[in-house]
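Spelled out, the chains give:
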Amino acid sequence: MNSDRGVFRRRTQARLWVCFVAVVAFSAFTLAGARAASVETLEIVTKSGVQVFSVEIATTEEEKEKGLMFRKELADGKGMLFDFSPEQEVSMWMKNTYISLDMIFIRADGRILRIAENTEPLSTRIIPSRGLAKGVLEVIAGTAKKYGIEPGDRVAYPLFDGR
């Protein structure tokens, strides 16, 4: 009888150990896949009013390289802001990006330099800023047209000088 208890105890301990290892492995996997970028509010002042977006901020090289790759959807009013400080010529692409986007290239003073609308998903075609940009805002395709966002409009966010 004592030997049965010992076997039962060892099996129970082994099961608990396996569960513990599984939970730790799952947690590590989940945290590794979690978005490292912070989420903040950004405003665009257009002729028709102020549009507010909730954006993930990509500042590290890893965050900028991954961007919105592998996402299957992006809600209206959401996006990702890429910090390319200091202001520079910027090139983007849509490799491994499954959703069409509007890419809004923003100068250091917060003015929109250029908008690449309705980008082609999964394309490796280079999308240039065509001038110096400090940031790029990626939003779901059709956003610029929907809200009347145009080159020259002002982006209000601490990254930009706002002069």
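Along each chain, numbering runs from 1 in the same order as the chain's sequence is written. Reporting of local features is limited, given that this is a predicted model, to residues whose pLDDT is at least 70; pairs of side-chain atoms are given and counted only at 80 or more, and all residues count toward the totals for whole chains, interfaces and linings. The side-chain numbers reported here are obtained from all heavy atoms of the structure, hydrogens and water having been left aside.

### Some words on the sheet that holds strand β2 (residues 49–58)
DSSP bridges decide pairing: two strands pair if at least two such bridges lie between them. For helices the rule is a DSSP run of H or I covering at least 4 residues; for strands it is a run of E covering at least 2, with both sets numbered from the N terminus onward. With mixed pairing, 7 strands are arranged side by side in an open sheet as β5-β4-β6-β3-β2-β1-β7. Pairing within the sheet leaves two strands with one partner each, and these edge strands are β5 (112–116) and β7 (154–156). Adjacent strand axes in the sheet meet at a mean angle of 35°, parallel and antiparallel pairs treated alike. Note on definitions: angles span 0 to 180 degrees between N-to-C directions of axes, and those axes are lines fitted to C-alpha atoms, for helices only across the stretch in contact.

### Section: the packing of aromatic side chains
Stacked, tilted and edge-to-face pairs are distinguished by plane angle, under 30 degrees for stacked and over 60 for edge-to-face with tilted covering the rest, among Phe, Tyr and Trp rings (Trp via its six-membered ring) whose centres lie within 6.5 Å. Summed over all chains, the structure comprises 3 aromatic pairs. A ring is scored as having a charge over it whenever the NZ atom of a lysine or the CZ atom of an arginine sits within 6 Å of its centre and within 35 degrees of its normal. Against the face of Y98 rests K72, its NZ or CZ located 4.1 Å from the ring centre.

### Things to note about the pairing of strand β6 (residues 127–140)
Residue exposure (1.4 Å probe, protein chains only): buried if accessible area is under 20% of the type maximum, exposed if over 50%, otherwise partly exposed. Of all 14 residues making up β6, 10 are buried, and the element is well covered by its neighbours. Bridging between strand β3 (residues 78–92) and β6 involves 9 bridges; their strand directions are antiparallel. The partner of M80 across the bridge, within β6, is E138. Of the strand pairs in this sheet, strand β4 (residues 101–106) and β6 are connected by 6 bridges, and their pairing is antiparallel. Counterpart to L101 in the pairing with β6 is I140.

### Brief notes about the environment of V52
By secondary structure assignment, the location of V52 is in strand β2. Since its relative accessible area comes to 47%, V52 is described here as partly exposed.

### Focus: the environment of N96
Mapped onto the elements of the fold, N96 is located in the loop between β3 and β4. Note on N96: relative accessible area 26%, which makes it partly exposed. Sequence separation between N96 and M69 is 27 residues, and the spatial gap between their C-alpha atoms is 5.1 Å. What N96 contacts, discounting residues up to four positions off in sequence, is M69, F70 and L122. By definition in these notes, contact holds between two residues if any of their heavy atoms fall within 4.5 Å.

### Remarks on the nonpolar core
Core analysis: the biggest nonpolar cluster contains 19 residues, and L42, I44, L81, I104, L137 and I149 have the highest contact counts within it. Contributions of two or more residues to this core are made by β1 (38–46), β2, β4, β5, β6 and α3 (143–147). Ranked by residues supplied to this core, first place goes to β2 with 3 residues. Apart from the residues lying within four places of it in its own chain, the contact partners of I44 are G49, V50, Q51, F53, I104, I112, L137, I149, D153, R154 and V155. Core analysis: the next-biggest nonpolar cluster, separate from the first, contains 17 residues, A58, L68, A133 and V136 among them. Nonpolar core, defined: a set of buried Ala, Val, Leu, Ile, Met, Phe, Trp, Tyr and Cys residues in which side-chain atoms within 4.5 Å join the residues together.

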